Amino acid sequence: MLDTERTLQIKAISGHPGSVPGSHAKREVEVAKYIDVTTCIGCKACEVACVEWNDHPFRETTFDNTYQTMPNTEWNYYNLIRFNEHQRDDGTLQWLMRKDQCMHCADPGCLRACPADGAIVQYTNGIVDFNQENCIGCQYCVSGCPFNIPKFNQATKKVYKCTLCSDRVGQGLEPACIKSCPTGCLHFGTKEEMKAMAEGRARQLREHSGFANAGVWDPPSIQGTHVIYVLHDITKPELYGGLPAEPHIPVVYTWWKFALKPLSLLTVFLGMFAVFFHYIFYGPKRAQPEPPVIEEESHVSRS
Amino acid sequence: MSAEVERLNERMHRATSRMGRTVVHAGELLRHSVYTRVVHWAVAIFFILALLSGFAIFTPWLYAWLAPLFGSGPRTRLLHPWFGLIFCAAFLLMLFNWLQPMNWNESDRRWLRRMREYATNEEKMEPEDVGKFNAGQKLWFRAIVVAAIVFLITGFIMWWPEIFGRVLMWISYFLHDVAALVMLGGFIIHIYEGTAQQPGTFRAMTRGTVTDRWAWTHHPAWYREVTGRDPRADYERAAQRQEERQRMLAAWEREQDARERQTESRPPGPA
């Protein structure tokens, strides 16, 4: 049992046959992280707070001529600010910074792909958490994630990602990254409140700051996320280090999970059923000459 | 290529025949040599191990049942690729070993046309041109060749997702399971045919021999090939002899019955 399972209500369990124990037994509000990228100054306090709270060692990085700490999030680096220099149509430059981490999708691709019972759990408050002790290291979640977030640890053969500080949230605290943010660009609360705040901020940006396309990123293609962004230009989320406008769970996972797998199980059962009743109806094919037939059941004589 | 394959087969046959032997008694024929049996069981065992470990990961409904067989979930995932790899390696030996008898020929096309009669036992004996393996067995063999190639390629990709990337992963998961679906169907039929459906077949893979009767019933052309005799003529002779034996047995029974009746009808003598 995860520590968080004592404090948070489980909504979905990966690779789990049957019902979800205790699901919706307790009222729990959906939580969300709201990130206002327009007020991010790229200080990386959140990165440090994340590493510190999770007791991760600081890892080696590669320098790629930006302020970005490393090219991608890593198994022990859940939280990364992506720095992008964008040249606008009028030739002016815009420095875009986006805090990247697990989006805690309402419809998580990692959970759909995962074959191990209980390795990935989704809480009713929206947090999608990895339970490493049940993880078998197959890495199906890695390619099931629309954001390429889960990362494999070669040493432990387990996959890791941002937990949205489920341990802190379960005790009524905000995630570590939120606590550390000096500009107030990171917020944490109920999904409803965060959505309202984000909408308000986007309106402010549109009406008073000249960002006509400012908007809230909460993609409906995966039924929304529990990390939402306010972007200067909601029409081009890709500019912010490849944030997809319409993230999708790869369609092949839908066929695979909901068509091919049941079909294969059906094949096993039908196949065994078929050969069993073949034997009952037709019987064995014996080496010839077989002992003489004395009587044969027909439609007339039944016994 | 084929000469080298032949040499390899011969070397393996010689090596294994020193370790084990096949005893053929009167009325029996040698069906599978020691080497063939060893290779077949290697393929079979590792297929089943790969199947069980794969099924554990394949469906949540079997995960809790099958994963403990291999220690745990992580260990199942660790072992599965190795089971698959050994299965493929063993099957390669089997492929070399059976290249010649698995060759497709004219009689196989005729066999496929009368598959319904075969499946419903309408014909008690196989047509005279059915050789060491029938067309169904040859199809199964070909299905394994294709599936093994798909398993191998997609399996390698799934083994190292960090090298091959997401798109290849999506395709691989799907194809790996399609191959498994085909293999499952064939596997169930294969086991059934080799055990309950055709009595006398399983021993071909254990002790290596089959009876004459089994051979002329199920693989007449092969019977002709190994004995140099006419399978139909031998069958007719056996059938005739059986009929005569039955007649004589029946006569003996009648005689016996008459004698018993005689003793019963006699009044009991003084004690």
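Everything numeric in this text was worked out from a predicted model, so none of it was measured.

Asker: Would you mind showing me how to read the overall build of chain B here?
Answerer: The secondary structure content of chain B amounts to 13 helices and 2 strands. Seen through its C-alpha atoms, chain B measures out along the principal axes to roughly 100 × 55 × 40 Å. Looking at the 271 residues of chain B, the share that counts as buried comes to 26%. Look at the contacts in chain B between residues 6 or more apart in sequence, and 60% of them connect residues 24 or more apart.

Asker: How should the confidence of the model for chain B be read in this particular structure?
Answerer: In regions of low pLDDT, the predicted coordinates are not meant to be interpreted in detail. In the predicted model, chain B carries a mean pLDDT of 93, and 98% of its residues have values of at least 70. For this predicted complex, the interface confidence comes out at an ipTM of 0.87, alongside a pTM of 0.90.

Asker: Looking at this structure, I do not really get the sheet that holds strand 10 (residues 215-217) of chain A. What am I missing?
Answerer: Neighbouring strands of a sheet are bound in pairs by backbone hydrogen bonds; such pairs are parallel or else antiparallel. Residues and elements named next belong to chain A. On the basis of which strands lie adjacent, the open sheet formed by 4 strands has the order 9-2-11-10 and mixed pairing. Every other strand in the sheet has two partners, leaving strand 9 (186-190) and strand 10 as the edge strands with one partner each. Direction aside, neighbouring strands of the sheet carry axes that sit 25 degrees apart on average. In the sheet, strand 2 (residues 31-36) pairs with strand 9 via 5 bridges, with the strands oriented antiparallel. Across the sheet, residue I35 finds its bridge partner in strand 9, namely L186. Lying over the sheet, helix 6 (residues 191-208) contacts strand 2, strand 9, strand 10 and strand 11 (227-231), oriented at roughly 135 degrees with respect to strand 9.

Asker: Which parts of the structure should I look at to understand helix 7 (residues 251-282) of chain A?
Answerer: The α-helix advances 3.6 residues per turn, and as a result positions three or four apart in sequence lie on the same side. Counted at 1.5 Å a residue, the expected span for helix 7 of chain A with its 32 residues is 46 Å, and the 43 Å between its end C-alpha atoms agrees. Looking one or two places after helix 7 of chain A, you find G283(A), whose phi comes out positive at around 75 degrees.

Asker: Looking at this structure, how should I read the packing of helix 7 of chain A against helix 9 (residues 166-197) of chain B?
Answerer: Between two packed helices, the angle of one axis relative to the other and the distance separating the axes together describe the packing. Following both chains from N to C, one finds helix 7 of chain A and helix 9 of chain B inclined at 5 degrees, their axes separated by 10 Å at the closest point. The orientation of helix 7 of chain A with respect to helix 9 of chain B, classified from their angle, is roughly parallel.

Asker: Quick question: what am I supposed to make of the pairing of strand 3 (residues 80-87) of chain A here?
Answerer: Every regular strand shows the same layout, with side chains that alternate between the two sheet faces. Residue and element names in this part refer to chain A. Two strands pair when backbone bridges link them, and strand 3 and strand 4 (residues 93-100) are joined in this way by 8 bridges, in the antiparallel orientation. Each bridged residue has a counterpart across the sheet, and for F83 the counterpart in strand 4 is M97. Between strand 3 and strand 4, which pair antiparallel in sequence order, lie 5 residues; one of them, G91, sits at a positive phi of approximately 90 degrees.

Asker: When you look at the packing of helix 7 (residues 135-159) of chain B against helix 9 of chain B in this model, what are you seeing that I'm missing?
Answerer: Residue and element names in this part refer to chain B. Contact geometry of helix 7 with helix 9 gives a least axis separation of 9 Å together with a crossing angle of 150 degrees. Comparing their axes, helix 9 and helix 7 come out roughly antiparallel. Seen from above, helix 7 lies across helix 9 with left-handed handedness. Taking contact as the criterion, the partners of W140, A143, A147, V150, F151, T154, G155, I157 and M158 in helix 7 are, on helix 9, L168, M169, S172, Y173, L175, H176, A179, V182, M183, G186 and H190. Here the residues of the contact of helix 7 with helix 9 sort into 14 nonpolar, 6 polar and no charged.

Asker: Help me understand the interface of chain B and chain A, please; the structure alone is not making it clear to me.
Answerer: Where the parts come together, the accessible area they lose is often given as the size of the interface. Each partner contributes to the interface: chain B provides 45 residues, whereas chain A provides 39 residues. Elements represented by at least two residues in the side of chain B that touches chain A include exactly helix 2 (34-58), helix 3 (60-66), helix 4 (73-98), helix 8 (161-164), helix 9, helix 11 (212-218) and helix 13 (231-265) of chain B. Classifying every residue of the side of chain B that touches chain A gives 26 nonpolar, 13 polar and 6 charged.

Asker: What exactly am I supposed to notice about the sheet that holds strand 6 (residues 128-130) of chain A here?
Answerer: Residues and elements named next belong to chain A. Strand order in this open sheet of 3 strands is 1-5-6, and the pairing throughout is antiparallel. Each edge of the open sheet carries a strand with a single partner, namely strand 1 (10-13) and strand 6. Shown here is a sheet whose adjacent strand axes are inclined to one another by a mean of 30 degrees, direction ignored. Relative to strand 6, strand 5 (residues 120-123) is paired through 3 bridges, and the arrangement is antiparallel. Each bridged residue has a counterpart across the sheet, and for Q122 the counterpart in strand 6 is V128.

Asker: Just checking my understanding: could you explain the nonpolar core for this structure?
Answerer: Proteins that are soluble and globular tend to have nonpolar side chains buried together. Counting 98 residues, the largest nonpolar core has C114(A), I120(A), C141(A) and I228(A) as its most contacted members. Broken down by element, the residue count for this core peaks at 11 residues, all from helix 2 of chain B. In this view, I228(A) contacts A32(A), Y34(A), M194(A), K195(A), A198(A), V216(A), W217(A) and D218(A); residues no more than four positions away in its chain are not counted. Counting 9 residues, the second largest nonpolar core, distinct from the first, contains W216(B), W222(B), Y223(B) and Y235(B).

Rules used throughout
Residues numbered from 1 in each chain as written. Chains lettered and ligands numbered in written order. Predicted model: local features only at pLDDT ≥ 70, side-chain atom pairs only at ≥ 80, totals over all residues. Helix = DSSP H or I, 4+ residues; strand = E, 2+ residues; numbered from the N terminus. Buried ≥ 20, exposed ≤ 12 C-beta atoms within 10 Å, placed from the backbone. Contact = placed C-beta atoms within 7 Å. pLDDT = per-residue confidence, 0-100. Pairing = 2+ DSSP bridges. Axes fitted to C-alpha atoms, helices over the stretch in contact; angles between N-to-C directions. Expected span 1.5 Å × (residues − 1). Parallel < 35°, antiparallel > 145°, perpendicular 65-115°, else oblique. Left-handed = near helix turned anticlockwise from the far one by under 90°. Nonpolar A, V, L, I, M, F, W, Y, C, P; charged D, E, K, R; others polar. Core = buried A, V, L, I, M, F, W, Y, C linked by C-beta atoms within 7 Å.

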